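Inside the fold
So you can see what is in the structure, the chains are spelled out below.
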Amino acid sequence: MRLRPLFLAFIAAAIVVPAGYTAYWYLAAASVHNGIADWAEARRAEGFVVVHGEVVVDGFPWRLVVRLEAPAVARPDHDPAWWWRGDRVAAEARPWALD
């Protein structure tokens, strides 16, 4: 009869651990997505022109892969004025090693 509580604990862990990691991954992905938006807004407040296409965060479950389509940054009011643009910017990180 002692095996029943151990079995139930195993089943509970088999449900809770993957669900917890899934929630963690999606929170980390949302944090990356929001961080990009916050960075762009902060640069705009400093006088930069920041535009980009779709921001995609995927790679579940082992990676956070971020792709930013058609990014462009400019500083037209700077002397000399400058700009940069690209087709795509991509970055990758492991969810357990974000530092």
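Reading guide: rules and limits
- Residues numbered from 1 in each chain as written.
- Predicted model: local features only at pLDDT ≥ 70, side-chain atom pairs only at ≥ 80, totals over all residues.
- Heavy atoms only, no water.
- Core = buried A, V, L, I, M, F, W, Y, C linked by side-chain atoms within 4.5 Å.
- Buried < 20%, exposed > 50% of the residue type's maximum accessible area, 1.4 Å probe, protein only.
- Helix = DSSP H or I, 4+ residues; strand = E, 2+ residues; numbered from the N terminus.
- Contact = heavy atoms within 4.5 Å.
- Pairing = 2+ DSSP bridges.
- Axes fitted to C-alpha atoms, helices over the stretch in contact; angles between N-to-C directions.
- Salt bridge = Lys/Arg side-chain N within 4 Å of Asp/Glu carboxyl O.

Right, let's talk about the nonpolar core for a bit. Within the largest apolar cluster, six residues are counted, these being Trp25, Ala28, Ala29, Val57, Leu64 and Val66. Taken together, the elements giving at least two residues each to this core come down to helix 1 (3–45) and strand 3 (64–69). The element best represented in this core is helix 1, accounting for three residues. When near neighbours in sequence (up to four residues on either side) are disregarded, Val57 contacts Trp25, Ala29, Val32, His33, Leu64, Val65 and Val66.

Another aspect to go through is the sheet that holds strand 5 (residues 82–85). One key point about sheets: their strands pair by backbone hydrogen bonds, in either a parallel or an antiparallel sense. Taken in spatial order, the three strands of this open sheet run 1-4-5, and their pairing is antiparallel. The open sheet terminates on both sides in strands that have one partner only, identified here as strand 1 (49–51) and strand 5. For this sheet, the mean inter-axis angle between neighbouring strands, taken without regard to orientation, is 5°. In this structure, strand 4 (residues 72–75) lies alongside strand 5, joined through four bridges in antiparallel fashion. Looking at the pairing, Ala72 lines up with Arg85 of strand 5. Packed on one face of the sheet, helix 1 meets strand 1 and strand 4 and runs near 155° to strand 1.

On to the pattern of salt bridges, then. In this structure the tally under the stated criterion is six salt bridges. For the salt bridge of Arg44 with Glu41, the shortest nitrogen-to-oxygen distance reads 3.5 Å. Placement of the pair is Arg44 and Glu41 together in helix 1, with a separation of three residues, close to one helical turn. One salt bridge connects Glu92 with Arg63, and the closest N-O pair in it is separated by 3.2 Å. Pair noted here: Glu92 is in strand 6 (residues 88–93) and Arg63 is in the loop between strand 2 (55–58) and strand 3, with a separation of 29 residues, a long-range link. The class for Arg63 is partly exposed, based on a relative accessible area of 34%.

This part takes up the environment of Ala37. When you line up the elements, Ala37 lands in helix 1. Each C-alpha atom, one on Ala37 and one on Arg88, is 16 Å from the other, the two residues being 51 residues apart in sequence.

Coordinates in, geometry out; function isn't part of it.
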